[in-house]
Amino acid sequence: MLFIQASLSVSSILFCVRPTYVGVVHVCCGEPTHVCLWPLDSSSTATNTSSTVAVFPCETNLNGNNSSISTSASIRFLSFDPTNTQFYFPFPGIAITYATFSSNSTCDSISTIIMMPNSEPKIITGLAGYVLEDVPHLSDYIPHLTTYPNPLQDNPSYSVVKQYFVDVDDTVAQQIVVHKNSPRGTHFRRAGPRQKVYFESKDVYACIVTCGGLCPGVNTVIREIVCGLYHMYGVHKVLGIEGGYRGFYSRNTIPLTPKFVNDIHKRGGTILGTSQGKGGHDTSKIVDSIQDRGINQVYILGGDGTQKGASLISEEIRRRGLKVSVVGIPESVDNDIPVIDKSFGFDTAVEEAQRAINAAHVEAESTENGIGLVKLMGRYSGFIAMYATLASRDVDCCLIPESPFYLEGPGGLFEFIRKRLTENGHMVIVIAEGAAQELISESLSGMNKQDASGNKLLQDVGLWLSQKIKDHFTKSQKMAITLKYIDPTYMIRAVPSIASDNVYCTLLAQSTVHGAMAGYTGFTVGAVNGRHSYIPFYRINESQKKVVITDRMWARLLSSTNQPSFLNPKDITSQTEQRTEHHSSNRERL
């Protein structure tokens, strides 16, 4: 092959080391630079370089015609280090031709592989402003991959389905409310089984890892990935990685079978254990482990930090040219994952929050001027607090990170509390954990510290607000109050998922399995306008979804609680302008 980059002429020369190996000599400007070796055993294929064993410089090891290599004992092999670009394909994008040999004289096959740089977004445009933000595919960087008939066509469970497979051109629109002259806008590839798959079932070796904070439904997703691989595709080799990302290289694993995972959906937490955020994330070590074990499908459950780590793993696997699908399943009890309709476990969290709100209401109405204060999860996004408030109808005031408020003065929180206690004799306040952080004194310890995920450590806003309310009404001496503070944070995220979340988790898990078997990689899966879709990692990692307080859902909450917005007209105008600019920038991207 001949590849031109700037003024350099780069070529690859085929040679045979011995009957069980294939190698490539790389020559730059007429001088050999390095050699790559691949072992050829019964499990190797001509288009799979996942088992590279050695990369070493050529200058002292090549004979005169650069077509063979000395096999003398004096050859010093360098340990294989894929991060060392001095010896590992230093020219990204080179098309490398290589051959397999059964003997010194017989060439079995010749194949080509393109060593790709980091992937760029795959954007496909069409008529009327149609934009498809596609996900990577193994065939993008490994040409001539073999395809196989999808085993589902012979699966009796699917015999009643009129249309087995998703059409290759099926996509899902991100925006479904449009005007007659609006462009068609952004779309994502529809999830589901394809007619052809890129893995033979007997060759699949899958692994599952869970990272980040706990969330209802994690065990259900694990169960359904295992059962989906077994029962839909006949895959019998599935490995559980214990303890999050670091489990890849600390050799902590559990073989997963349908029998082993049969009842785990009835438990909270994760049977595999977890590590917070990107704890233990060493991309090179993780990919080394994946490569050494022969794993070719990786399923990663976790939040935004975890999905960023999954993206790095996917890019490194692509850079090495490995036939490995990397799939993310977004996990966030806060429901702050962008693009998708909701995260799994969110419905369970809202349902469980009702218990705490009901208890707070009972406590508040059982005493004169009683106040029940409930702190719910929501570091940056107040979705749990908002939906739990709307579902309860017992809440008088909901405070979230997206909606600033102030305590004293006309229109402040204290004035509203006094008014509501005068009218009803009791009240219930729900506050998200990330609210009012700007009001808490910066002199408090930990204000600038971070947790294992790199998130800013939050002060306990529930305790802070409780004390502020008590101090205010104690000093006024005009109204005696009784305040009860309830913090159910870890109770909410540790419970098993409810029925609706179990169904959602099943659909997510099966969609990821279909996508991986179809050869897609570097994507996450989620419902977009009710349709499950494959979404590229960069869209999930680019921002966090937040409550838009100028939308009708927040207006519905204000109508339910009859609380003030705690915003002045300038704040509302500023938020509306920001939202308009956001929509304008989205249109410009189209």
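Residues numbered from 1 in each chain as written. Predicted model: local features only at pLDDT ≥ 70, side-chain atom pairs only at ≥ 80, totals over all residues. Heavy atoms only, no water.

Enquirer: I would appreciate a short explanation of the pairing of strand 14 (residues 206-210) in the present structure.
Expert: Regular strands place their side chains on alternate faces of the sheet. The element strand 14 is extensively covered by neighbouring structure, given that five of its five residues are classed as buried. Examined bridge by bridge, strand 14 and strand 15 (residues 238-241) share four bridges and lie parallel to one another. For Cys-207, the partnering residue across the bridge sits in strand 15 and is Leu-239. Of the strand pairs in this sheet, strand 14 and strand 17 (residues 297-302) are connected by five bridges, and their pairing is parallel. For Ile-208, the partnering residue across the bridge sits in strand 17 and is Tyr-299. (Buried < 20%, exposed > 50% of the residue type's maximum accessible area, 1.4 Å probe, protein only. Helix = DSSP H or I, 4+ residues; strand = E, 2+ residues; numbered from the N terminus. Pairing = 2+ DSSP bridges.)

Enquirer: Looking at this structure, I do not really get helix 6 (residues 413-424). What am I missing?
Expert: Note: α-helices contain 3.6 residues per turn, so residues at a spacing of three or four share the same orientation. When the terminal C-alpha atoms of helix 6 are compared, their 16 Å separation across 12 residues agrees well with the 16 Å that a helix rising 1.5 Å per residue should span. Within the span of helix 6, buried status applies to Leu-413, Phe-414, Phe-416, Ile-417, Arg-420 and Leu-421. Down the axis of helix 6, the sector holding all buried residues measures 160°, keeping them to one side. Exposed positions of helix 6 whose direction lies more than 90 degrees from the buried face are Lys-419 and Thr-422. Along its buried surface, helix 6 packs onto strand 19 (370-376), strand 20 (397-399), strand 21 (426-432), helix 7 (461-476) and helix 11 (552-561). Positioned one or two residues after helix 6, Gly-425 has a phi angle of 85°, which is positive. (Expected span 1.5 Å × (residues − 1). Arc of directions from axis to C-beta. Contact = heavy atoms within 4.5 Å.)

Enquirer: I'm lost on the nonpolar core in this one. Help?
Expert: One broad rule of soluble globular proteins: the nonpolar side chains tend to lie buried together. Grouped together as the largest cluster of nonpolar side chains are 102 residues, with contacts concentrated most on Ile-208, Ile-225, Leu-256, Tyr-299 and Phe-344. With 10 residues, the top contributor of residues to this core is helix 1 (residues 218-233). With near-sequence residues (within four places) excluded, Tyr-299 lies in contact with Ala-206, Cys-207, Ile-208, Val-209, Ile-225, Leu-229, Val-327, Ile-329, Thr-512, Val-513 and Ala-516. If you look at the next biggest cluster of nonpolar residues, it comprises 25 residues, including Ile-417, Ile-431, Met-479 and Phe-566. (Core = buried A, V, L, I, M, F, W, Y, C linked by side-chain atoms within 4.5 Å.)

Enquirer: Help me out: how do you make sense of the confidence of the model for the chain in this one?
Expert: Reading predicted coordinates in detail is not appropriate for stretches of low pLDDT. For the chain, mean pLDDT is 79; residues scoring 70 or higher make up 72% of the total. Residue range residues 1-35 is modelled with pLDDT below 50. Its contacts to residues more than four positions away, or to other chains, number 123 contacts. Note that pLDDT drops below 50 for residues 37-117; the model gives that stretch 210 contacts with residues more than four away or on any other chain. (pLDDT = per-residue confidence, 0-100.)

Enquirer: Sorry if this is basic, but what is going on with the environment of Trp-554 here?
Expert: Examined against the element boundaries, Trp-554 turns out to sit in helix 11. Overall, Trp-554 belongs to the buried group, its relative accessible area being 3%. The spatial distance from the C-alpha of Trp-554 to the C-alpha of Tyr-387 is 9.7 Å, given a sequence separation of 167 residues. Those residues in contact with Trp-554 that sit more than four places away from it in its chain are Met-386, Cys-398, Ile-400, Ser-403, Val-547, Val-548, Ile-549 and Gln-563.

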